[in-house]
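# Chain and residue survey
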Amino acid sequence: MKDFLKDVLKIDVDQPSTKKGIALLGAGVALAVGHPELLTATVTDAGVSYGGLIGTAVPVVLGVWETLRNEFK
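Residues numbered from 1 in each chain as written. Predicted model: local features only at pLDDT ≥ 70, side-chain atom pairs only at ≥ 80, totals over all residues. Heavy atoms only, no water.

## Quick word on the overall build of the chain
- Across its full length, the chain carries three helices and two strands.
- Mapped from its N terminus to its C terminus, the chain presents α and β elements in the order α-α-β-β-α.
- Radius of gyration (C-alpha) of the chain: 14 Å, far over the 11 Å computed for a compact globule of 73 residues.
- For the chain, the C-alpha atoms occupy an extent of roughly 40 × 30 × 25 Å along the three principal directions.
- Counting the 73 residues in the chain, one finds 15% classified as buried.
- Intrachain contacts of the chain at a sequence separation of at least 6 include 14% that bridge at least 24 residues.
- Total accessible area on the chain is roughly 5,800 Å²; 66% of this is exposed by carbon and sulfur atoms. (Helix = DSSP H or I, 4+ residues; strand = E, 2+ residues; numbered from the N terminus. Rg over C-alpha atoms; globule rule 2.2 N^0.38 Å. Buried < 20%, exposed > 50% of the residue type's maximum accessible area, 1.4 Å probe, protein only. Contact = heavy atoms within 4.5 Å. Areas by Shrake-Rupley, 256 points an atom, 1.4 Å probe, with all protein chains shown as cover.)

## Comments concerning the pattern of salt bridges
- By the definition in use, this model includes one salt bridge.
- In this structure, Lys-6 and Asp-12 form a salt bridge, with 4.0 Å as the shortest nitrogen-oxygen distance.
- Relative accessible area serves as the criterion here: at 43%, Lys-6 is assigned to the partly exposed category.
- In this structure Asp-12 comes out as partly exposed when scored by relative accessible area, which is 22%. (Salt bridge = Lys/Arg side-chain N within 4 Å of Asp/Glu carboxyl O.)

## Re the pairing of strand 1 (residues 40-44)
- Pairing geometry for strand 1 and strand 2 (residues 47-51), over five bridges, is antiparallel. By the bridge assignment, Thr-42 is partnered in strand 2 with Ser-49. (Pairing = 2+ DSSP bridges.)

## What to know about a nonpolar patch on the surface
- On the surface, Met-1, Phe-4, Val-8, Leu-9 and Ile-11 cluster together to form a nonpolar patch covering roughly 520 Å² of accessible area.
- Considering the arrangement of structural elements, one finds Phe-4 in helix 1 (residues 2-7). (Patch = residues over 30% accessible without salt bridge, like charges linked within 9 Å, V, L, I, M, F, W, Y side chains within 5 Å.)

## Here we look at helix 2 (residues 16-32)
- Under the 1.5 Å per step criterion, the end-to-end length of helix 2 is 24 Å for 17 residues, consistent within 8% with the ideal 24 Å.
- Taken together, the buried positions of helix 2 are occupied by Thr-18, Ala-23, Ala-27 and Ala-30.
- Lining the buried residues of helix 2 we find strand 1 and strand 2.
- Looking one or two residues past helix 2, Gly-34 carries a phi angle of roughly 90°, positive in sign. (Expected span 1.5 Å × (residues − 1).)

## Describing the confidence of the model for the chain
- On average, residues of the chain carry a pLDDT of 78, and 95% of them reach 70 or more.
- Ranking the elements of the chain by mean pLDDT puts helix 3 (residues 52-68) last, at 76, and strand 1 first, at 84. (pLDDT = per-residue confidence, 0-100.)

Printed below as a string of structure tokens:
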């Protein structure tokens, strides 16, 4: 997926500014559709702090996936 974004769409997700931009866009969309509790993002010098339901659930789901993905092969 990372290669697709970089080669086809010319989006480098390894850049900190790209991560911050995606987080802020997601928070803006959640706010615009009337559900600010779904995703919140705070940008500081230390990086992006995620909150809300999606900001909490996504790291948990990714952690479970990374832990179990090779266990069923």
